[in-house]
Every structure is written in structure tokens, then in C-alpha cells.
Amino acid sequence: MKKLIASLAILGSLVASAIDVTEVKVKVLDGFGGDSNSVLSRCQTKAGKPYDPITITRDVNSLKEAGELEEVNAEVDKRDAGVVVTFVVRRKLRFAGPLIVHGCDEFSESKVAKEAELKDGYLYGEADIAAAAAKVRTAYQKKYYSNVSVRYSTKVIGGNDVQIIFDIDEGSRRKISEYLFEGAEHAVDVSLWRKLGPSFKLDDELVDNAELHEAIDDLPWWNPIGWFSDSPVTYEQQVQCCDKIAKVYRDHGYLDVSVTGPERRPSVDDPEKIDVVFKVNEGQQYRIGESKIIGVTKYPVSVVTEKSNLPPAGTIASEKVLQEAAHRVEVQVGSGDFGLADTRVDIKRIPTIDRGTVNLIYKVTEGVPVVINEIKIRGNDYTMDKVIRREIALGPGDRMLADRAERSQKRLENLDYFSRVRYYLERTDLGKDSNGAEYRDLVYEVEEKNTGSFMVGVGASTVDSVYVSAEVNQNNFDIFAPTKLFRGAGQKGRIYVAWGPRYQSAEAGFVEPHLFGRLLELDVDVYRRFRWYDQYDLIRTGGQVALTYPVKFWPTWSAFGRLGLGLGAEYIEFDDVDNSWYNYQGRTSQYFVEQERKYDGSWEPGIHLFWSKDSRDNFRVPTRGHRSKIFGDIMPSSDYSYWRLGIDHRSYFNVWKRFSHVFMVRFRAETEDKFSGDDIPIYDRMFLGGPRSIRGIRYRNVSPLAERVGGGDWAPMGGQTLFAMNFEYTIPIVKMLRLAAFSDLGSIGESAWDLNFSSTFAWTVGLGVRLDIPMFPIRLDFGIPLKTPDHAEEEVFSFTVGYDF
């Protein structure tokens, strides 16, 4: 590199004299020769042409990009007659397989070759071969060979063709017994402290030992998240753990902490294993004393302080808390009437007499007012610009306001299309406007991530039994872009198929969230579903098209939920119908055979009007927020017609934020009645019971029941009025594992607006386990009925796959 810089410096001094190149040579540093003409043919620098340092630089880059040379430099020799240019190169080696391996016992030679990822006939430099050896070394370390040595050598067999030899000294295999934090005086096992009783309060000075282990991905076998991650076994991984451990301490107020290591020692408990030791110098834990903002001239300091919501005195001086507070100050100064862009906030710690207290000064360096000239989007290889721009609450000509820019960034992040979103300002040559504000471009830079998924799996529940399923899902779909693999328009597309003895389904869905460039959302769904019931099988084939639009209400006139209208139709088929006789509503009949005769092959059109709102903080495992839906349906069938009204509301409360305890309440009520026809078909009636409504009672058994003639069996007939409430309190044990306590109650009325629930009322309590495995969440529940409807069957244990019920 030094030679190249020196050569280019000489080249620059020669430009003004317009000297010609008299000779171009190639100097090969490797020992196996080669054709120099192949190097010269790629160079624009030729003998007899004027000397140009820029051309030589391009030649060097061109030779590097060709991928055949490991080292490329250019040397310049100034002579009276002209300039001699010499390209100094070192060729890569061409691997002649197979890989020769000596000294491997734990792995087979083929396993070593697979880990090395060296391909026969490919060109490799010394750095590439060293990287391959490092991969093999890492593979051994993951098998607990911590002192393994992997050395490589090459043997020329002709030209630049070489054999590559790996000599492996495996050393001894010693598993890791424990990860220890030496000097961590304030690290304790919180789970043991909790056994002292619910009234015991954990001291804020203490750090949960489990948090330290979790930070370095050292998790117990029973923690589900550990099933998808590896403990740090290589030396490089363990070195990186030092920063992770220090971050945990800094977030607990130990701002001066230092962590060194790792040190490997024989385990005291098992000499065949080792302990990995990290040395922790905790330092002092700090709490916040006085906080003051200085450097603000455009706004009243008191207003900035109030709006920035600075952490109060006595709060632990967590590094995360301090940085978030500084960022809030920066946003406040960058917003408001002036909107000072490029504002910087530095935190200065002032020691006090009390060593455990630190005063904070938020030193503000005010920026300048800015007017946005243009909004630029970068990093979107396939996502359309308009998909990003419609989430940005600023436009050309607007004053740059940090709060709007931040809100726009959050909205882009919530799309879940990008792994990273950031914004910044770029200077322009347009100067300032009449008010002195600078014209700058606002740039949003994104890094796209995979938004599609293909899953094949096995599902199961106490209702649907076992079924296999496959799903293709694209959250950034573009129905008109096959060349971009149908990606980039911000639409959603989904195809799902499932097959099992009790449940079969084929579904396709499409969502356009901004129809005609407006906030009008289009949802299209088509499906064919088969479901097995005790008395009959039902097949529904149909589809629905729905449009929704955000609605505003007085007095704020801000968006509050969405109003929607859906049009759909279903084709109904019965199969495998029970021909037994049942006593129902004072008469004896082959009830289900009659239902099949009347309604098999029916077309059921529907109009669905609804209002919905979803403010949950997380769609999968919410900790706060609400989800509500109020709806009215009309089914104007030629054979019969009916209406339905309903409400479904869920609220989530984070009742103990420190330990993320969540209390969920759900309320559901519906009623329906006919416009015309004899009755409402059984497949459109209401039922409760089972793992997704009232746990502890068998599926659909909270319902009016009919007795089979001859006795013994009771069949659910459904009703026309539904009422249900669910209460659930969840406690996280570790990530992806929660315990739940619940109580469900509800009933079904036989007719419309029927509030006489005496014979069908159910009330259950129970405990459950929630395994929040990505893409395959499992709910296990044990429910005990306190009140069971007449003749209903109990179901103590139930399980489902899914996040919510």
C-alpha cells in the first residue's frame, strides 16, 4: 500500500510535464510464473501513450476486480526517455481438490472439507485459505476443542494449480461447565430472592444473574429461546461477551464498569470441563441528582425541560435512560416554531459529595433552521419510492421538524419491510430562504430485509386434531411485478393450504392498503374450508371483498379506527350427516338430515358493515392497548335471510411493568334473527366452548343441546344470542415462555336478544403455558369448570397453535 501511495505521488508530479510511457512491464511475485500478457491486456496504460496517473489507478482497480490476482501494485520509474510503468502482481492459487487433511479424529475428512468450503478449480489467495482454516477451527471450537490448531500449506503441482493441506492438532475436548462473572458482587439469582415471598422487594442495586447469562446467550435447557441460539464457545465469541456484560451493568447505573476476559479454568465441580471466567469491575452505581439543560436560546428552558420528560431525581442513572432523555431533548429543540436541525446534545456528569449520586447537565448545541428542498429515498432496491414517501409526514417546502421526522421513521419501521431505517439532512447549493433557513435535502435511508416466507409444518389442537400445512406469505407484495418476484408495492399476499382428518383449508388473500393512492384499504379473500363436526361435515367455499377507511370523530377529529364495508358470498355443502333421531324444540326428527336437505348446495351472499380499532403495542404478544370491533351483517339469501349484530373488545394492561405482567380482558356479545325463512341454518348459529372461547368445556358444548333418541348422546344445536368474557393474567418466566392464569365465562341464548342463560351458562378457571416460538406459538391450558351447562361435556386439557384466542 505504501508503494502504491508513493508511486501515485510520483505520478501526480509527472502529469504537468506530459511525459510519454516508454515501457509497461509486469513483475510477478509468485514462484509459478504465468502469462504476463493476460495482465497487460486488461490495462489501458500502453507504451507510447501520454502518461496518465488516473488511467494507472483505473488499471490497478480493474486488475483487482478481475478476481485472479491476490496483490496488485503499480511502480513508476522516471527516466530521461520517459516513464517505465511496472505492474507488480501476485497470482491467486487454483485449488486442485480434494482437500488433504491430517490429524482429524473428531471430524471426518469430508466434514472438514465441508466446513472449509473450498471448491475444486476455484482461485484462492492466501487470505482466502486462512479464512477457510479459521472456519474449520471455529467448527472444532463449537465442539469444545478450545485449543485446536489448524495450519495450512500448499503444494504446487503445475502452473498455479496447488494442493491444499490442512494439519490439525485437535487438542483435548473439554466442555464448558459454567460461565462465571468474577467480581460481580451485585449479581444475584433473582428467582431465589422471589422465593422469599411476594412482599419481598428486590434491591435496585442488584443485577439479575440470569440477565447476564441471557446477554451472552447462555440459557438453561428449559428456556425455549435457547433452542434457537448457541452459547458462546469460541474465543472470538467470548471476547465479544465482555461488551454485552458491560452493557447490562451500565443499564443498571454502573456507568464506570469494566469487563475483561475470557479466562478459561478447569472446573472445580468436574475436572473434565472448564469454566469460562469474565472479570467484572463493577464500580459505583449512580443515581440521578439534579438535571439541567443549558445552551438553549430559542426556546424557554423550562418548556424544553418539561416536554423532554427528564428522568426525576433518585432514578437509577441507566445509560439507556440517559441516552433516551438526551434524544428527547434533541427532538424538542429540533421541533417547535424554529425547528433547529443538526442540534446536538451531550451529557456531562458532575460528581457530588454523595459518591452514589451524579448531577447531569444536558449541554445543547443548537442547530440551524432548515427548509426541506427535496426528500430523497435511498437503499430501496425493490420497494417503490411511493410506498416509503406516503409514510413520511414531511414534504418539500416544509420546515424540518425533528418530531415529524422521528414519527415518520417509526412508521417506516412499523411496516416491517426494513431491517434498518435512518434519516439525515444533506446540504444543497441553494443557500437560504428569506427567513434565513437553509435549504437542505431530507434523506431516508433504508436497508431492505426479507419480507416473504414459505413455511411447511404440522399443526395440532384438541379441536382440529393433527394437520399438515403450507403457507406462502409476502408482506411487501406487488401483484404486477413478476420480474421483482412480486415484491415492492407495499401490498400483502398470502396462500395457505392445510390438510387433516378434521380440518382442511385452501385460502388466498390480497391486501392493498392504499387503493388509488388514498388511505382506502382493499381486502380480497377467497377460500374453501372443510371442518369435521360430530354430527356432520361442513364445506364452505366463498370469498369476500372489503373496503376500509379511517374515520374521525369530534372533538379531536383525529383518526379513530376504520370503517369498513364488505361484500361476500359462500357456497354451503354438507357431508357425512348423522341420520339419528333427536328430540329438539318439542319434536322428534332426523334434525341434521333435514338441515342437509334444506340447505345443502345453498348460496349465501352477505353484506358486512363494521368499525374496528387496534392500538395494541404488539400484534403477536401484546402488553398494552386495545382491539375492538363493532359489526352488523345482513345475509339476503333467496331461501332465507337474517341479520346479525355484534361487538368484540379486548384490552391489555401491563400491570407490573418491571416484570412484564399482563392482564387481558375480553368481552364479546352477538345476536341474530331471521328476516324470512323457517329458521337460521345450524352453520350460522352461535356456539361457545373449547380452547378459543371457554376453556374447560368441550368445543361447541356451551349451547342448547338436543338428546339423541335412545339416550346417551347430546348434540349442540347453537343459538342466536352470545355473551362471553375472558380474563387472563400472564407472567413471563423467560423469553418465549409465559405462565397464565385465566377465567372464562359465557352463555348462548336460544333466540334473538335472549338473555335467559340459566341452562347454558358456563364459568371456568385454570392455568396455562404459553410457548411463544416464532411462527409456531403453542398454548397449553388446564381448565376446571365452576359451572357447567346442562349436559355439556368437560375438557380439562386443551391446546392450540396460535398467539391469541
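Residues numbered from 1 in each chain as written. Predicted model: local features only at pLDDT ≥ 70, side-chain atom pairs only at ≥ 80, totals over all residues. Heavy atoms only, no water.

1. A closer look at the overall build of the chain
Point 1. Per the secondary structure count, the chain includes 13 helices and 42 strands.
Point 2. For 805 residues, the compact-globule estimate of 2.2 N^0.38 gives 28 Å, and the chain exceeds it by more than 25% at 35 Å.
Point 3. Classification of the 805 residues of the chain by burial places 45% in the buried group.
Point 4. Sequence-distant contacts in the chain: of pairs separated by 6 or more residues, those separated by 24 or more amount to 60%. (Helix = DSSP H or I, 4+ residues; strand = E, 2+ residues; numbered from the N terminus. Rg over C-alpha atoms; globule rule 2.2 N^0.38 Å. Buried < 20%, exposed > 50% of the residue type's maximum accessible area, 1.4 Å probe, protein only. Contact = heavy atoms within 4.5 Å.)

2. Regarding the sheet that holds strand S18 (residues 368-378)
Point 1. Taking strand neighbours across the sheet as the criterion, the 4 strands line up as S15-S18-S20-S19 in an open arrangement whose pairing is mixed. Either end of the sheet is taken by a strand with one partner, and the two such strands are strand S15 (340-341) and strand S19 (418-432).
Point 2. When S19 meets strand S20 (residues 438-448), the two strands line up antiparallel, connected through 10 bridges. Bridge pairing in S20 places phenylalanine 418 opposite glutamate 448. (Pairing = 2+ DSSP bridges.)

3. As for the sheet that holds strand S28 (residues 582-584)
Point 1. With antiparallel pairing, the 4 strands of this open sheet are ordered in space as S29-S28-S35-S36. For this open sheet the edge positions go to strand S29 (587-589) and strand S36 (714-716), each flanked by a neighbour on one side alone. The mean angle between the axes of side-by-side strands here comes to 35 degrees, regardless of whether they run parallel or antiparallel.
Point 2. One ladder, built from 2 bridges, connects S28 with strand S35 (residues 705-708); its direction is antiparallel. Across the sheet, asparagine 583 pairs through a bridge with glutamate 707, a residue of S35. (Axes fitted to C-alpha atoms, helices over the stretch in contact; angles between N-to-C directions.)

4. Brief notes about the pairing of strand S21 (residues 452-461)
Point 1. Where S21 and strand S22 (residues 465-477) come together, 10 bridges link them in antiparallel fashion. Across the sheet, the residue bridging to methionine 455 is glutamate 471, located in S22.
Point 2. Connecting S21 to the next strand, S22, in antiparallel fashion are 3 residues.

5. Examining the pattern of salt bridges
Point 1. Taken as a whole, this structure holds 51 salt bridges when the rule is applied.
Point 2. We note a salt bridge from aspartate 346 to arginine 344, for which the minimum N-O separation is 3.2 Å.
Point 3. By relative accessible area, arginine 344 is classed as partly exposed at 44%.
Point 4. Salt bridges here are not isolated pairs; linked through shared partners, they connect Arg695, Glu728, Asp744, Arg770, Arg779 and Asp781. (Salt bridge = Lys/Arg side-chain N within 4 Å of Asp/Glu carboxyl O.)

6. A closer look at the packing of helix H9 (residues 301-308) against helix H10 (residues 319-333)
Point 1. Interaxial distance between H9 and H10 falls to 9 Å at its minimum, and their mutual angle equals 130 degrees. With respect to H10, the element H9 is oriented oblique. Of the two elements, H9 crosses H10, and the hand of that crossing is right-handed. Note on element contacts: H10 touches H9 through Arg328, Val329, Gln332 and Val333, opposite Val304, Lys307 and Ser308.
Point 2. Considered class by class, the residues forming the contact of H9 with H10 number 3 nonpolar, 2 polar and 2 charged. (Parallel < 35°, antiparallel > 145°, perpendicular 65-115°, else oblique. Left-handed = near helix turned anticlockwise from the far one by under 90°. Nonpolar A, V, L, I, M, F, W, Y, C, P; charged D, E, K, R; others polar.)

7. Concerning a nonpolar patch on the surface
Point 1. Nonpolar side chains collect at one region of the surface, where Leu563, Leu565, Leu567, Ile607, Leu609, Ile634 and Phe675 lie side by side and expose about 640 Å² of accessible area between them.
Point 2. For the nonpolar patch, the secondary-structure elements that each account for two or more residues are strand S27 (559-575) and strand S30 (602-614).
Point 3. At 3 residues, the largest contribution of residues to the nonpolar patch is made by S27.
Point 4. Relative to the helices and strands, isoleucine 634 is located in strand S31 (residues 625-636). (Patch = residues over 30% accessible without salt bridge, like charges linked within 9 Å, V, L, I, M, F, W, Y side chains within 5 Å. Areas by Shrake-Rupley, 256 points an atom, 1.4 Å probe, with all protein chains shown as cover.)

8. Let's talk about the confidence of the model for the chain
Point 1. For the chain, per-residue confidence averages 89 on the pLDDT scale, and residues scoring 70 or more make up 94% of the total.
Point 2. Scored below 50 in pLDDT, residues 192-201 shows 5 contacts in the model against residues more than four places distant or in partner chains. (pLDDT = per-residue confidence, 0-100.)

9. Points about the nonpolar core
Point 1. Leu99, Val112, Leu118, Tyr140, Phe166 and Ile168 are the most contacted members of the largest nonpolar core, which has 23 residues in total.
Point 2. Ranked by the residues each element gives to this core, the list is headed by helix H5 (residues 126-142), at 6 residues.
Point 3. Once residues lying within four places of it in the same chain are set aside, the contact partners of leucine 118 are Phe95, Leu99, Ala113, Tyr124, Ala132, Ile164 and Phe166. (Core = buried A, V, L, I, M, F, W, Y, C linked by side-chain atoms within 4.5 Å.)

10. Notes on the side chain of threonine 730
Point 1. Here threonine 730 lies in strand S37 (residues 721-734).
Point 2. When near neighbours in sequence (up to four residues on either side) are disregarded, threonine 730 contacts Ser660, His661, Val662, Arg738, Leu739 and Ala740.

11. Points about the packing of aromatic side chains
Point 1. This model, assessed by the stated rule, comprises 28 aromatic pairs.
Point 2. Centroid distance phenylalanine 723 to phenylalanine 757: 6.2 Å. Interplanar angle 10 degrees. Geometry classified as stacked. Of this pair, phenylalanine 723 sits in strand S37 while phenylalanine 757 sits in the loop between strand S38 (737-749) and strand S39 (762-771), and the two are 34 residues apart along the sequence.
Point 3. According to the relative accessible area criterion, phenylalanine 757 is buried, its value standing at 16%.
Point 4. Through pairs of rings, three or more aromatic residues link up here, namely Tyr533, Tyr536, Phe574, Tyr582, Tyr584, Tyr591, Phe592, Tyr599, Tyr640, Tyr642 and Tyr683.
Point 5. The ring of phenylalanine 742 carries arginine 695 above its face, with NZ or CZ at 3.9 Å from the centroid.
Point 6. A cation over an aromatic ring shows up here: arginine 700 above the ring of phenylalanine 687, its NZ or CZ 3.9 Å from the ring centre. (Phe/Tyr/Trp six-rings, centres within 6.5 Å; stacked < 30°, edge-to-face > 60°. Lys NZ or Arg CZ within 6 Å of the ring centre and 35° of its normal.)

12. Thoughts on the pairing of strand S33 (residues 661-676)
Point 1. Sheet topology places strand S32 (residues 641-656) next to S33; 15 bridges connect them, and they run antiparallel. Among the inter-strand pairings, serine 651 is bridged to a residue of S33, identified as valine 665.
Point 2. Linkage of S32 to S33, two consecutive antiparallel strands, is achieved through a turn of 4 residues, within which serine 660 is found at a positive phi near 55 degrees.
Point 3. In this sheet, S37 lies alongside S33 in antiparallel orientation, the contact comprising 10 bridges. Residue pairing in the sheet places threonine 671 in a bridge with threonine 721 of S37.

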